[in-house]
Amino acid sequence: MRTASDVILRLTSDPARCGLVMDFDGVLAPIVDDPSASALLPGAEEVLATLSRHFGVVGLLSGRPASFLRERLSLDSVVLMGSYGVETWTENGIEVLPAVAAFSDAVAEAEAELRRLFDSQSVPGIHVESKGLAVAVHWRRAADRAVAQRLVEAATTEIASRTGLRREPGKLVEELRPPVEEDKGTGLLRAIATAGVDVVAYAGDDRGDLPAFAAVLASGGEALVVKGDDIAPEVAAVDGVQFDGPPAFLDWMKELAAHLER
């Protein structure tokens, strides 16, 4: 069984040919009830700056918009890939894959309908989040999560069938996003190819990270699973090194950075 120390030794053997890509929420930032309040753990930005001085690529790959990531991390040396990798922050603004941009009107329609259904707080605890190229509905704060889940699933199923958008489940959340064959796996492979690196480790915590875990393992890289209280069974079963939450993962990154600095 591979250990966290094994991964450090591998990534530091030839840092310029290696990289680290990771999710944001649940990996570098604790999961919080209010998605807009999500923030990097103290000290994470400094560690990312150190890693990016040595590695061929350091990146964030999130379901959040690229603009959200940029608001929370201003390091130009870290690649910011938002909306599951279909948009990237660049010095010229956000670049979006054309096939995804074509569904912007459908996403706007879906968001308007979801807000009509849930923003009235007729069902307290259900929160609609705009994600630019997608829209999400959370029920983490609902008093009766089972009832809230049924309501959200029924609404997103109907809207998806009408707009052509695709439903994507997560931790106490449902997303509607363009039905383009793009996910964190294809986004990760693009990042690896662009950087021209040989070995990458990917860190994630949710179902949306499963394609990235599959892609990194198929490419000969390392899967890093950051566990939370409500980790999905299929994520917990990923063949990789496991960490007990974002603080433990940050501690590992600090150890990795110390090895690189030596």
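Residues numbered from 1 in each chain as written. Predicted model: local features only at pLDDT ≥ 70, side-chain atom pairs only at ≥ 80, totals over all residues. Heavy atoms only, no water.

The name given to the protein chain in an unreviewed UniProt entry is Trehalose 6-phosphate phosphatase, and the organism recorded there is Rhodococcus erythropolis.

Undergrad: For this particular structure, what's the right way to read the overall build of the protein chain?
TA: Counting secondary structure elements, the protein chain contains 10 helices and 12 strands. The C-alpha extent of the protein chain, read off along each of the three principal axes, is 55 × 40 × 30 Å. Within the protein chain, contacts between residues at least 6 apart in sequence are counted, and of these 58% link residues at least 24 apart. Accessible area of the protein chain: about 11300 Å², with a carbon and sulfur share of 53%. Of the side-chain charges in the protein chain, 25 are positive and 41 negative, and the distance between the mean point of each set is 2 Å. (Helix = DSSP H or I, 4+ residues; strand = E, 2+ residues; numbered from the N terminus. Contact = heavy atoms within 4.5 Å. Areas by Shrake-Rupley, 256 points an atom, 1.4 Å probe, with all protein chains shown as cover. Lys, Arg positive; Asp, Glu negative; His and termini not counted. Charge placed at Lys NZ, Arg CZ, Asp CG, Glu CD.)

Undergrad: Can you help me understand the sheet that holds strand β8 (residues 166-170) in this one?
TA: Taken together, 4 strands build an open sheet; the order of strands is β6-β7-β9-β8 and the sheet is antiparallel. Each edge of the open sheet carries a strand with a single partner, namely β6 (127-130) and β8. Strand-to-strand twist across the sheet, computed as the mean angle between neighbouring axes with direction ignored, equals 20 degrees. Pairing geometry for β8 and strand β9 (residues 173-177), over 5 bridges, is antiparallel. Paired with P169 across the strands is E174, a residue of β9. Running at roughly 10 degrees to β9, helix α6 (residues 145-163) makes contact with β7 (135-138), β8 and β9 of the sheet. (Pairing = 2+ DSSP bridges. Axes fitted to C-alpha atoms, helices over the stretch in contact; angles between N-to-C directions.)

Undergrad: How should I be thinking about the layout of surface pockets in this particular structure?
TA: There is about 290 Å³ of room inside the largest pocket. Around the largest pocket, the lining is made up of 16 residues, and of these V79, M81, T88, R190 and T194 lie nearest the centre. Put simply, the parts of the chain that give the lining of the largest pocket at least two residues each are β3 (79-82), β4 (87-90), β5 (93-96) and α7 (184-195). Take the lining of the largest pocket: its biggest share by element is 5 residues, from α7. Residues of the lining of the largest pocket, tallied by class, amount to 8 nonpolar, 5 polar and 3 charged. Taken together, the residues of the lining of the second largest pocket sort by class into 4 nonpolar, 3 polar and 6 charged. (1 Å grid on protein atoms, 1.4 Å probe; cavity = no way out; pocket = protein on both sides within 12 Å on 5 of 7 lines; lining within 4 Å. Points joined across faces, edges and corners; volume = space filled by probe spheres on them. Nonpolar A, V, L, I, M, F, W, Y, C, P; charged D, E, K, R; others polar.)

Undergrad: Help me understand the pairing of β4, please; the structure alone is not making it clear to me.
TA: Regular strands have side chains that alternate between both faces of the sheet. Pairing of β3 with β4 involves 2 bridges; the strand directions are antiparallel. Residue pairing for β4: M81 is matched across the bridge by T88. Between the antiparallel neighbours β3 and β4 lie 4 residues, among them S83 with a positive phi of about 50 degrees. Where β4 lies against β5, 4 bridges are found, and the strand directions are antiparallel. Residue pairing across strands places T90 opposite G93, the latter belonging to β5.

Undergrad: Where do I start with the sheet that holds β4 in this structure?
TA: Sheets are built from strands that pair by backbone hydrogen bonding, the pairs being arranged parallel or antiparallel. Spatial ordering of the open sheet is given by β5-β4-β3-β2-β1-β10-β11-β12, a layout of 8 strands whose pairing is mixed. This sheet does not close on itself; its edge strands, each paired only once, are β5 and β12 (241-243). Looking at each pair of strands side by side, their axes are set apart by 20 degrees on average, direction ignored.

Undergrad: Explanation requested: the pairing of β7 in the structure shown.
TA: Both faces of β7 are covered, namely the face carrying V135 and V137 and the face carrying A136 and H138. The sheet contact formed by β6 and β7 spans 4 bridges and is antiparallel. When the bridges of β7 are listed, H127 appears paired with H138. What sits between β6 and β7 in their antiparallel hairpin is a turn of 4 residues, with G132 showing a positive phi close to 75 degrees. The pairing of β7 with β9 spans 4 bridges and is classified as antiparallel. Residue pairing for β9: H138 is matched across the bridge by V173. (Buried < 20%, exposed > 50% of the residue type's maximum accessible area, 1.4 Å probe, protein only.)

Undergrad: I would appreciate a short explanation of the pattern of salt bridges in the present structure.
TA: When the charged atoms of two side chains lie near each other, side chains of opposite charge can form a pair. Following the criterion strictly, the structure yields 25 salt bridges and no others. Salt-bridge contacts for D209 lead to K184; the nearest nitrogen and oxygen are separated by 2.8 Å. Here D209, found in the loop between β10 (199-204) and α8 (210-218), pairs with K184, found in helix α7; they are 25 residues apart in sequence, far enough to count as distant. Like D209, the residue K184 is buried in the burial classification. R207 is paired through a salt bridge with E234; the nearest N and O atoms lie 2.8 Å apart. Of this pair, R207 sits in the loop between β10 and α8 while E234 sits in helix α9 (residues 233-236), placing them 27 residues apart in sequence. With a relative accessible area of 30%, R207 lands in the partly exposed category. (Salt bridge = Lys/Arg side-chain N within 4 Å of Asp/Glu carboxyl O.)

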